[in-house]
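# Notes for the structure review
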Amino acid sequence: MTTDLTRLSAAQMAEQLASGAITSVELTQAHLDRIAAVDGAVHAYLHVDAEGALATAREVDELRARGEQLHPLAGVPIAIKDIMTTTGLPTTAGSRMLEGWIPPYDATVVARIKAARLPILGKTNMDEFAMGSSTEHSAYGPSHNPWDLDRIPGGSGGGSSSVLASFQAPLATGTDTGGSIRQPAAVTATVGTKPTYGGVSRYGLIALASSLDQGGPCGRTVLDTALLHELMAGHDPLDSTSIDQPVPPVVEAARSGDVAGLRIGIVKELTGDAYQPGVQANFDAAVAALTAAGAEVVEVSCPHFQYALAAYYLILPSEASSNLARFDAMRYGLRVPPADVALPSAEQVMASSREAGFGEEVKRRIIIGTYALSSGYYDAYYGQAQKVRTLIARDFEQAFTQADVLVSPTAPTTAFRLGEKLDDPMAMYLNDIATIPANLAGIPGMSVPSGLAAEDGLPTGLQVLAPAMADDRLYLVGAALERMLQEQWGGPLLDRVPEPTQLSKEG
Amino acid sequence: MSTNAIQPVLDYDEVLESFDPVMGLEVHVELSTHTKMFCGCPTDFGAEPNTQVCPVCLGLPGALPVVNAVGVESVIRIGLALNCQIASWCRFARKNYFYPDMPKNFQTSQYDEPIAFDGYLDVEIPSRTGDGVEVFRVEIERAHMEEDTGKSLHVGGSTGRIQGADYSLLDYNRAGIPLIEIVTKPVRGAGERMPEVAKAYVAAVRELMVALDVSDARMEQGSMRCDANVSLMPKGSAQLGTRTETKNVNSLRSVERAVRYEMMRQGAILADGGTVRQETRHWHEDTGVTTAGREKSDAEDYRYFPEPDLIPIATTTEQVEALRATLPEPPGLRRKRLQGEWGYSDREMGDVVSAGAVDLIDASVAAGATPAASRKWWTGEVARRANADGKELGDYALTPAFVAELDSLVRSGRLNDSMARQVMEGVLAQEGSPTEVADARGLELVQDDSALEAAVDAVLADNAAIADKVRGGKVQAAGALIGQVMKATKGQADAAQVRALILSRLGVEG
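Residues numbered from 1 in each chain as written. Chains lettered and ligands numbered in written order. Predicted model: local features only at pLDDT ≥ 70, side-chain atom pairs only at ≥ 80, totals over all residues.

## A closer look at the overall build of chain B
Heads up, the rule is: By the criteria applied, helices consist of DSSP H or I runs no shorter than four residues and strands consist of E runs no shorter than two, each listed in order from the N terminus. Counting other C-beta atoms within 10 Å of a residue's own tells you its class, since 20 or more makes it buried, 12 or fewer makes it exposed, and anything in between is partly exposed; those C-beta atoms are placed from the backbone.
Across its full length, chain B holds 17 helices and 18 strands. Structurally, chain B occupies a C-alpha span of about 95 × 55 × 50 Å along its principal axes. When burial is assessed residue by residue, chain B has 39% of its 510 residues classed as buried.

Here it is in structure tokens:
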């Protein structure tokens, strides 16, 4: 076989594995070779587990040779965001604090992936504890957008998005607290879904903000993403907030892509001047394409979205300040005794370790959250933010009486340059303006490629939102759009991504 | 005013002349569920350190809690037994503070939405006249669920506390064990009886936990702990005084002593024109004083917020009523009923209660012993030993079945009283059942009438003078003869039978 196996979709890989055209060892080795060739430039992986991946691949090949019944994705390699615990593999969440920590247990999602025998290639880079929109807050250096190595691959899941866009893995996992799956997908021309809150187990996902965090699938095609979604999702008794209902028929929807008669709502508050012209233009063209496919388009208003960002940046830091309290150097992780104290107390060791182990953005949010929860301020900040959250959920409820799904651009701009917004937290936070409302309301959302912006030639994304537990509708719309736009483009956008090694940029 | 080595105290009577005490008690009860509150780890006491732990109770990154349903049922039953309202909807909350024995650096607890609230518990204290009891109603503010912390062992330094220790060892076996916190409303109006009310309340809570079978509630093992908040109000004032919170109160006796001590210590400060500092204090059982711990100011901020990792607990009326149907008879009512059934005097019942023997006597009577014999055995030697050893009656080899067996041996005439006491010693020494002990030790009354008659005749022949006195009507003189017969038979005769034989031989009416 002379074709580059890494260019196949996960669904195609699965078919060829099943037919015996390729082996999982060949497929896994092709990805390991690809990683060796390009990840020096992209820096998408924090840890690569060649040995473990090949061991799983060999096992799959042997089982298949014996005619054993295997999961459809068995043998298809995958990359895991470094926020998910993996037995025997380092798990840092992009933080110095957890450098060298090897978890003694698997996240439920990881356990399911292992049970289905997908070779795990490695752990992907991310903003520290998922706080950021660019991976620039990773303690281990940023990942680079394969479309332009000087630009950000999105965040926090920029490792997973750039792994996909540089063909270093066909599938990757993500977590989305305010857009960390969807915004990276948008700026790399990949696909990413934030499932309904409770749809995918959070057990073993290092918590940023418990009431907002949701694990989800990342892929290069809508069908691949659906296949991974189906594998990751489902009730988990280890997560109290996990929903005990059947997984919505996402794969069926992704194969169908029939949007005839579907009511598509354009959220008035998520379009307009705040969006880069090319982003808006591609969005409008995508909506036109959906209309042409038989969808009915309506405009809806969600008046409280204007408060979403403010509420989000109170709720998230509040929960994060508590979730990150456990990193105290007493049981695991980094331990840095104070330099100038002979016999430091436990409290002093905690303080100096946290000072040394956390990055600036993490400290900023811990301080904000601690303040927002303090007695005397709680009602004005955390309490008010929770009320806004309720109002946003009601906005969605109202909107979903008029439309079956809602759409908007995923992010206001295409990928910005590394360093461009690093010193301006507010500018960075505004990246998530369109993605945050779904997290506040717990509803599912997806980003699918909508084209390249005319002005800079960089990818743009369209966001689809659906009511809770109607995740399948995301895949209907996503698949329809993918099919029509690829016809226009003459193939996937990612066929046009430059080869990272051709560029001189390093590190 | 008298002074002890550490701090001045005011004479107790003088305290009461000028002040009214106000008290609030927080009792923590460890539930005896098989698994922890938020994970599946076992809860056995005394296991090797850090062997009953998992990612959840160690607070590892990514781990999530799941509520123990038995724990929730237990707290609802406790709430109902404390005459509380049960919330139809409530949430857990995070109480945030840093301490090495708390794996997540927040405690999963409840804050402004406790599962049980607004109840009361009637407690009994001995009446002033000394016979009978007075009932004092303690109002309950709330009962809520939370998780225990790990245990710190501070090594080095002199105090065993974290300050000054060389290093500390941490055992997380206890981390995550279900705890119920029961908080009283301010208790007022008990005056000089306040320390007794404190003790009686904690004793009543303890009794209730055992009756509900939700906890072994053993203060010496830490499965029940009490913090006592005490303040003094100048007489005639409506303004509450500054309170202190005394911790480390690990026995019923300590509860009473600690409250009393704090009243006297605060009294001395206030009488001297000083102000009481709002602080946590530590009770020292050995010296009988409290010492200052960390200052507890209003600045302490736990940043409570609803626990987002747990869904709210919704309880239906049907569920509550189903649990109410499982409640045992309230201990106070049960005691009254049993006292009547057993025919004990108030004093006898009081002894039985303070010995912790009610359940054991109930079981002994059920096993066939008479109430009188049951009381005698359970409040006798074994109670003396338990008191001396700081143990409970149930910690010894004596069982209700053995008490019934021993009583039956006595009533059938095989053993007399002094032999029965020897058998009891053997049982307590773990020599076996009463029958086994009696057999092994060769204890048996002389049943052979001819042997006994011979012994009686010999004694009468040797003591003709005394025998004449008895014949002449001085029946009480027979005591000396009985004693000699008992001596001759090495105590293996029934004294009553001997007496009857002697009198009949001498032709005297018994």
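## Topic: the overall build of chain A
Selection rule: It is over C-alpha atoms that the radius of gyration is taken, and the globule rule equals 2.2 Å times the number of residues to the power 0.38. Distance between backbone-placed C-beta atoms decides contact: two residues are in contact if it is within 7 Å.
When its secondary structure is counted, chain A shows 16 helices and 11 strands. By the compact-globule yardstick of 23 Å for 507 residues, chain A fits well, its C-alpha radius of gyration being 22 Å. Once the C-alpha set of chain A is aligned to its principal axes, its extents read approximately 65 × 55 × 50 Å. Expressed as a percentage of the 507 residues in chain A, the buried residues total 63%. Long-range pairs, those at least 24 residues apart, make up 76% of the contacts in chain A between residues at least 6 apart in sequence.

## Things to note about the nonpolar core
Considering soluble globular proteins, one finds that nonpolar side chains tend to be buried as a cluster. Selection rule: Here, a nonpolar core means buried Ala, Val, Leu, Ile, Met, Phe, Trp, Tyr and Cys residues linked by C-beta atoms lying within 7 Å of one another.
Counting residues in each nonpolar core, the largest one holds 239 residues, and the members touching the most others are A:Ile78, B:Ala198, B:Tyr201 and B:Ala228. Residues in contact with A:Ile78, not counting those within four places in the same chain, are A:Ile113, A:Leu118, A:Ile120, A:Leu121, A:Ala169, A:Leu171 and A:Ala172.

## Structural notes on the sheet that holds strand β6 (residues 93-96) of chain B
Residue and element names in this part refer to chain B. Definition in use: Here, a strand pair is defined by DSSP locating no fewer than two bridges between the strands.
If you trace the 3 strands from one edge of the open sheet to the other, you get β7-β6-β17, paired in antiparallel fashion. Both outer strands of the open sheet, β7 (106-109) and β17 (305-306), are each paired with one neighbouring strand and no more. Pairing of β6 with β7 involves 4 bridges; the strand directions are antiparallel. Following the sheet pairing, alanine 93 is matched in β7 by serine 109.

## Considering the interface of chain A and chain B
Quick note on the threshold: For this scheme, ten residues count as nonpolar: Ala, Val, Leu, Ile, Met, Phe, Trp, Tyr, Cys and Pro. Four count as charged, namely Asp, Glu, Lys and Arg, and the remainder, Gly too, count as polar.
Tallying the contact residues gives 35 residues for chain A and 26 residues for chain B. Counting only elements with at least two residues in the side of chain A that touches chain B, the list comes to α10 (308-323), α11 (346-357) and α12 (360-373) of chain A. A per-class count over the side of chain A that touches chain B returns 17 nonpolar, 11 polar and 7 charged.

## Section: the environment of A:His144
Within the secondary structure, A:His144 is located in the loop between β3 (120-124) and α5 (158-165). For A:His144 and A:Ala454, which are 310 residues apart along the polypeptide, the C-alpha to C-alpha distance reads 21 Å.

## Re the environment of B:Ala401
Here B:Ala401 shows up in helix α11 (residues 400-411). Between the C-alpha atom of B:Ala401 and that of B:Ala367, which follows or precedes it by 34 residues, the distance is 5.8 Å.

## A look at the domain arrangement of chain B
Note the following rule: Residue ranges assigned to the domains are those given by an automatic or database domain assignment.
The domains assigned to chain B are domain 1 (2-319), domain 2 (331-415) and domain 3 (449-505). The gap between the C-alpha centroids of domain 1 of chain B and domain 3 of chain B is 64 Å.

## With respect to the confidence of the model for chain B
Residues and elements named next belong to chain B. The condition that has to hold: A residue's pLDDT is the confidence the predictor assigns to it, expressed on a 0 to 100 scale.
Averaged over all residues, the pLDDT of chain B is 90; the fraction at 70 or higher stands at 96%. Here strand β1 (residues 2-3) is the element of chain B with the lowest mean pLDDT, 42, and strand β4 (residues 85-86) is the one with the highest, 98. Here the prediction assigns the complex a pTM of 0.88, and the interface score ipTM is 0.95.

## So, the pairing of strand β3 (residues 19-30) of chain B
Residue and element names in this part refer to chain B. Relative to strand β13 (residues 224-234), β3 runs antiparallel, the two being bridged by 11 bridges. Following the sheet pairing, phenylalanine 19 is matched in β13 by proline 234. In terms of strand pairing, β3 meets strand β12 (residues 178-184) through 5 bridges, oriented antiparallel. Paired with valine 29 across the two strands is isoleucine 180, which belongs to β12.

## Some points on helix α2 (residues 69-81) of chain B
Residues and elements named next belong to chain B. Selection rule: Multiplying 1.5 Å by the residue count of a helix minus one yields the expected span of that helix.
Taking 1.5 Å of rise per residue, 13 residues should cover 18 Å, and α2 covers 18 Å from first to last C-alpha, within 8% of that figure. Looking only at α2, the buried set comprises Gly71, Ser74, Val75, Ile76, Arg77, Ile78, Gly79, Leu80 and Ala81. The elements touched by buried residues of α2 are β4, β8 (116-126), β9 (133-147), β12, α3 (194-212) and α5 (317-324). Positive phi appears at asparagine 83, one or two residues downstream of α2, with a value of about 60°.

## Quick word on the packing of helix α14 (residues 449-462) of chain B against helix α16 (residues 478-488) of chain B
All names here are of chain B. The cut-off we apply is this: Only the stretch in contact is used when a helix axis is fitted, and all axes are lines through C-alpha atoms; the angle between N-to-C directions ranges over 0 to 180 degrees. Note that the term roughly parallel is reserved for angles under 35 degrees, roughly antiparallel for angles over 145, roughly perpendicular for angles of 65 to 115, and oblique for everything else. For a crossing to be left-handed, the near helix must be turned anticlockwise from the far one by less than a right angle; the clockwise case is right-handed.
One can describe the packing of α14 onto α16 by two numbers: an axis separation of 9 Å at closest approach and a directional angle of 130°. Classed by the angle they form, the pair α14 and α16 counts as oblique. Along this stretch, α14 crosses α16, giving a crossing that reads as right-handed. Across the interface between the two elements, Ala455, Val456, Val459 and Leu460 of α14 pack against Leu481, Gln484, Val485 and Ala488 of α16. Per-class residue counts for the contact of α14 with α16 are 7 nonpolar, 1 polar and no charged.

## Quick word on unusual backbone geometry
Here the residue pair A:Gly155 and A:Ser156 is connected by a cis peptide bond, since its omega of 5° sits within 30 degrees of zero. Summarising the element assignment, A:Ser156 is placed in the loop between β3 and α5. Its identity as a non-glycine residue notwithstanding, A:Ala130 has a phi of 70°, on the positive side. For A:Ala130, the position within the fold is in the loop between β3 and α5. Located in the positive-phi region is B:Asn50, a residue other than glycine, with phi close to 60°. Inspection of the secondary structure puts B:Asn50 in the loop between β3 and α2.

## Some details on the environment of A:Ala454
Residues and elements named next belong to chain A. With respect to the helices and strands, alanine 454 occurs in the loop between β10 (445-452) and β11 (459-465). Measuring from C-alpha to C-alpha, the distance between alanine 454 and glycine 278 comes to 5.5 Å, with 176 residues separating the pair along the chain. Setting aside residues up to four positions removed in sequence, alanine 454 forms contacts with Gly278 and Ala281.

## Description of the packing of helix α8 (residues 358-366) of chain B against helix α9 (residues 371-378) of chain B
Residues and elements named next belong to chain B. Remark: α8 packs on α9, axes separated minimally by 9 Å, with the N-to-C direction vectors making an angle of 140°. By the angle between their axes, α8 is oblique relative to α9. For the pair α8 and α9, the crossing hand works out as right-handed. Mapping the contact onto sequence places Leu360, Ile361, Ser364 and Val365 in α8 and Pro371, Ser374, Arg375 and Trp378 in α9. Tallied by class, the residues present in the contact of α8 with α9 amount to 5 nonpolar, 2 polar and 1 charged.

## Concerning the confidence of the model for chain A
Here chain A averages 96 in pLDDT, while 98% of its residues score no lower than 70. Long-range and interchain partners of residues 503-507 of chain A, a stretch whose pLDDT sits below 50, account for 9 contacts in this model, where long-range means more than four residues apart.

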